[in-house]
Amino acid sequence: MQAGKNKIIIANWKMNPLTSKEAEKLFQHIIKSVSLVKRTAIVICPPSLYLAKLRKFSRKILLGAQDAFWGEGGPFTGEISGEMVYNIGGRYVILGHSERRAGGETNGEVNKKIKASLTAGLRPILCVGETMRDANHSYFNSVKNQLAECLDGVKKDLIHKVVIAYEPVWAISSTPNRHDATPADSLEMTIFIRKIISDKFGAEASKIRIVYGGSVSEKDAGDFFKNGGVDGLLAGKASLDAKKFIEIIKICEASSR
Ligand code: PGA
């Protein structure tokens, strides 16, 4: 990891919890335990409905949305723009998550959302990852295509704001018959991603943080930091359990010493 680049722990709460009261409780629980955290950026991405409420409780924990539309405003029923997310206090946005891609979201749409989010002042967390691995290693190509198409036309001077989350779909907790990705799987892919982005963006690419996501837990977080080549982790299921999530943050913090 480049000197001066803080590690990052991201929570993707997905469509949880069911009430804003529960969201507040989970958030407060996490706040209480992170006062001594200095070297780790903590980003929580709740359902956007809860952003306005949660932003009042902490400056230390940064908030993000789980998607933001590319249109600036107008006739886009049901959508929320990057500018709206920013105005309500969000600073990050997860884009291109595999659960959205499974619903039909294309690289082209993700690309438009990335550019619009950057214009709005947000830091996009671009999710890439293959659905399965094959003996011919064609999964490298699918990640390469995702990167090429999603980052097409992104300006060099803004690229440092992008976080890339490598999330192999076969390792995500909600994938049927999932199995664990190892830190070695993560290392091989993060090296590959670094090569692709440095070919495209030159020296600026070294400022991009690459994180791993896919059933991250407090049990394997240390190993991912040590051997996975990552600048951070993105947790879904584990982020809904305050104790587990706090443990992951502490492991990250300890790994930066
Ligand atoms: P998971 O989710 O940690 O529950 O696998 C990660 C994600 O889908 O972003």
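Look up a bit, the structure's there.
Conventions adopted
Residues numbered from 1 in each chain as written. Predicted model: local features only at pLDDT ≥ 70, side-chain atom pairs only at ≥ 80, totals over all residues. Heavy atoms only, no water. Near = heavy atom within 4 Å. Polar contact = N/O pair within 3.5 Å; in protein donor to acceptor, adjacent residues only side chain to side chain. Areas by Shrake-Rupley, 256 points an atom, 1.4 Å probe, with all protein chains shown as cover. Nonpolar A, V, L, I, M, F, W, Y, C, P; charged D, E, K, R; others polar. Core = buried A, V, L, I, M, F, W, Y, C linked by side-chain atoms within 4.5 Å. Buried < 20%, exposed > 50% of the residue type's maximum accessible area, 1.4 Å probe, protein only. Helix = DSSP H or I, 4+ residues; strand = E, 2+ residues; numbered from the N terminus. Phe/Tyr/Trp six-rings, centres within 6.5 Å; stacked < 30°, edge-to-face > 60°. Lys NZ or Arg CZ within 6 Å of the ring centre and 35° of its normal.

Enquirer: Help me understand the site of the ligand in this model?
Expert: Around the ligand, the structure places 13 residues, and the nearest of them are Lys14, His97, Ser173, Ser215 and Lys237. Ser215 places a main-chain nitrogen or oxygen 2.7 Å from an oxygen atom of the ligand. Contact between the ligand and Gly236: an oxygen atom at 2.9 Å from a main-chain N or O atom of the residue. Contact with the protein chains removes 99% of the 280 Å² of surface that the ligand exposes when unbound. Here the shell around the ligand is composed, by residue class, of four nonpolar, six polar and three charged.

Enquirer: What am I meant to see in the nonpolar core here?
Expert: The tendency in soluble globular proteins is for nonpolar side chains to be buried as a group. Counting residues in hydrophobic clusters, the biggest one holds 67 residues, and the most contacted among them are Ile30, Ile44, Leu151, Ile193 and Leu233. At seven residues, the largest contribution of residues to this core is made by helix α9 (residues 242-255). If you look at the next biggest cluster of nonpolar residues, it comprises 13 residues, including Ile8, Ile10, Tyr92 and Cys127.

Enquirer: Sorry, what's going on with the packing of aromatic side chains here?
Expert: The description of an aromatic ring pair rests on the distance of the ring centres and on the angle between the ring planes. All told, the structure shown has seven aromatic pairs when counted by the stated rule. Look at Phe69 and Phe76: their rings are 4.9 Å apart centre to centre, the planes differ by 55°, and that puts the pair in the tilted class. An aromatic cluster of at least three residues, connected via ring pairs, comprises Phe69, Trp70 and Phe76. Seen from the ring of Trp70, Lys112 lies directly overhead, with NZ or CZ sitting 3.9 Å from the centre.

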